[in-house]
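# Working through the structure, step by step
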Amino acid sequence: MTHSLYWFTHDLRLNDNQLLKLACEQKTPLSFVYCVDPKWFKTTRFSSQTMGKYRWQFLVSALRDLDAQLKSYGQHLVVYHQPAYEVISHYYHHHNVRTLYCSEQIGFNERQSLSAIGNTFDDLKINQANTFTLYDEHQLPFSGNDLPATFSKFRKIIEHHEPQILAPINTPTYLPPPLIAPMPWPKTLPEIKKWAVSSQFIGGEQAAMEHLNHYFTGDAASNYKQTRNALDGVENSTKFSLWLANGNLSVRQIIAALHDYEQKHGANDSTYWIFFELLWREYFQLYSVCYGKKLFSFKGIGSKKPLTSFYSQRFKQWCLGTTPYPIVNACMKQLNQTGYMSNRGRQLVASCLVHELNLDWRFGAAYFEQQLIDYDVAANWGNWQYLAGVGADPRAGRHFNLAKQTQMYDPHNTFINHWRGNNVQSLDSSDAADWPLSS
Ligand SMILES: Cc1cc2nc3c(=O)[nH]c(=O)nc-3n(C[C@H](O)[C@H](O)[C@H](O)COP(=O)(O)OP(=O)(O)OC[C@H]3O[C@@H](n4cnc5c(N)ncnc54)[C@H](O)[C@@H]3O)c2cc1C
């Protein structure tokens, strides 16, 4: 008898999981696995790691939650500290696995890995489903390679055609029996305790559902447009990104909850704006699939390399939050101490890295990848390209006036004082003369 494997990636939930529904239609034994790739913890060429401590902590709680939920169905999650390729190869050779379930992938590297698996094991049937985006590919009125050149064009097309957003589907009532017995987590995995990270955010589908319900219980959604640019404050923006990134929450669940809220409390500009921002997310997911490895290219999707040099001291100052710009420092310290930064903060620190410090934008994107709990390959690298002027931005780069932004978003220095952003240091003396310290 042949067996099946469900490889969890960014779909760490049982609710509204189209792929899981598909997997549950079969009755033969099935294993649920998650693969922690050892290379996530190695230093990359951008001097940071793929997986930082906050996201790792969040992921560990999400995996524990998933395992507990699977156990209530007589199933369990097997966690490996190995690249997925090796794990799948093991199941193929030793457990006669001939059917693999894996969510549709967005990132170039993830898509490459999956096609390598498909090419190596040619009698392995790979079943995929969309678990990550609002729309399935066939619902869109353009093909994947024909992505509208700008977000505005994309939004107008969507608003004109109004593709149906499918309602979330329920948790399956039955899961196939396990293929192998539960196993302890590999001892080689980085320990959480060692880092002793304190984070206000807990990973997992249950925490995600609690957060979703809590957010729409109060009136935050009716004021979202006025508060979303705030630099601090949990309820000023939705914080859905944290659970969206690893799939503890689906974007369709958010839309369903939003529509429910609008029915009860009325729709307004703010409730529309939550949908609008989720369309940005959708756009970047499509952008990643459309442009593939160009998402990580210095030139972005264009043909011209930005004019930058590399100043290691400046990059260090930016990471540590000791640049000449208090607002940037406060944002970076917030990121370093919590694993989260507001959207406005991300725009300001990215603009600073590119335009004031004249650094290669990819170092900033890679540092965000390490530090952010809500790291999402498409949203992160796509937004960085956009800010650096090498992406989907007709205005070619966003240069924010940091003094003006401070006046607008932190007029009384409350945020700066709270995060001790005033610990400014001038730029390295050898090149400081060429660069204005304020804009
Ligand atoms: C340089 C830079 C890097 C970023 N990196 C990431 C990242 O790695 N992961 C990530 O999820 N978002 C990223 N963003 C987008 C955005 O900053 C976050 O999604 C947002 O701050 C998350 O907080 P929230 O859920 O409270 O957002 P809200 O303001 O409540 O927005 C609701 C949802 O809309 C989506 N959204 C909002 N703004 C954007 C945007 N500009 N691009 C894409 N989706 C958006 C998110 O899914 C978000 O959860 C980045 C933005 C910038 C400028």
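Residues numbered from 1 in each chain as written. Predicted model: local features only at pLDDT ≥ 70, side-chain atom pairs only at ≥ 80, totals over all residues. Heavy atoms only, no water.

### What about the pairing of strand E2 (residues 30-35)?
The buried count for E2 comes to six of six residues, which makes it a mostly enclosed element. Burial along E2 is two-sided: Leu30, Phe32 and Tyr34 facing one way and Ser31, Val33 and Cys35 facing the other are all buried. Judged from the five bridges that link them, strand E1 (residues 3-8) and E2 form a sheet pairing that is parallel. Residue Phe8 lies in a different strand from E2, and its bridge partner there is Tyr34. This β-α-β element, E1 to helix H1 (residues 18-23) to E2, shows right-handed connectivity. Relative to strand E3 (residues 77-80), E2 is paired through four bridges, and the arrangement is parallel. (Buried < 20%, exposed > 50% of the residue type's maximum accessible area, 1.4 Å probe, protein only. Helix = DSSP H or I, 4+ residues; strand = E, 2+ residues; numbered from the N terminus. Pairing = 2+ DSSP bridges. Right-handed = clockwise from strand over helix to strand, strands pointing away.)

### Digging into the UniProt feature "binding site: FAD" (unreviewed entry) in the chain
In this numbering, the UniProt entry assigns the feature "binding site: FAD" (unreviewed entry) to Tyr224, Ser237, Thr238, Lys239, Phe240, Ser241, Asp374, Tyr375 and Asp376. Mapped onto the fold, Thr238 is located in the loop between helix H8 (224-227) and helix H9 (241-244). Accessibility expressed as a relative area gives 12% for Thr238, which makes it buried. When neighbours within four sequence positions are excluded, Thr238 is seen to be in contact with His211, Tyr215, Tyr224 and Ile274. (UniProt positions renumbered as here; feature names shortened; annotations may be inferred. Contact = heavy atoms within 4.5 Å.)

### Thoughts on the nonpolar core
Ranked by size, the top nonpolar core spans 93 residues in total, and within it Phe216, Trp318, Val328, Trp361, Trp381 and Trp384 carry the most contacts. Per element, the largest residue contribution to this core is 12 residues, and it comes from helix H11 (residues 269-291). Residue contacts for Trp361: discarding those within four places in its chain leaves Leu295, Phe296, Ser297, Phe298, Pro306, Leu353, Val354, Trp381, Trp384, Gln385, Ala388 and Val390. (Core = buried A, V, L, I, M, F, W, Y, C linked by side-chain atoms within 4.5 Å.)

### Quick look at the domain arrangement of the chain
The domains assigned to the chain are domain 1 (1-132), domain 2 (133-166 + 205-295) and domain 3 (312-432). Taking the mean C-alpha position of each, domain 2 and domain 3 sit 24 Å from one another. Each partner contributes residues to the interface: domain 2 has 20 residues there, and domain 3 has 30 residues. When domain 2 packs against domain 3, the two sides together hide about 2,000 Å² of surface, and 59% of this comes from carbon and sulfur. If you look at where domain 2 meets domain 3, you find zero salt bridges. Across the contact surface, domain 2 and domain 3 share 10 residue pairs in polar contact (both at pLDDT 80 or more). Counting only elements with at least two residues in the side of domain 2 that touches domain 3, the list comes to H9 and H11. The greatest single-element share of the side of domain 2 that touches domain 3, amounting to six residues, is contributed by H11. Per-class residue counts for the side of domain 2 that touches domain 3 are 10 nonpolar, six polar and four charged. (Domains from an automatic or database assignment. Buried area = accessible area lost by both parts, 1.4 Å probe. Salt bridge = Lys/Arg side-chain N within 4 Å of Asp/Glu carboxyl O. Polar contact = N/O pair within 3.5 Å; in protein donor to acceptor, adjacent residues only side chain to side chain. Nonpolar A, V, L, I, M, F, W, Y, C, P; charged D, E, K, R; others polar.)

### Structural notes on the side chain of Thr406
Within the fold, Thr406 resides in helix H17 (residues 402-409). According to the relative accessible area criterion, Thr406 is buried, its value standing at 16%. Contacts of Thr406, omitting those with residues within four sequence positions, involve Ile327, Pro411, Asn413 and Ile416.

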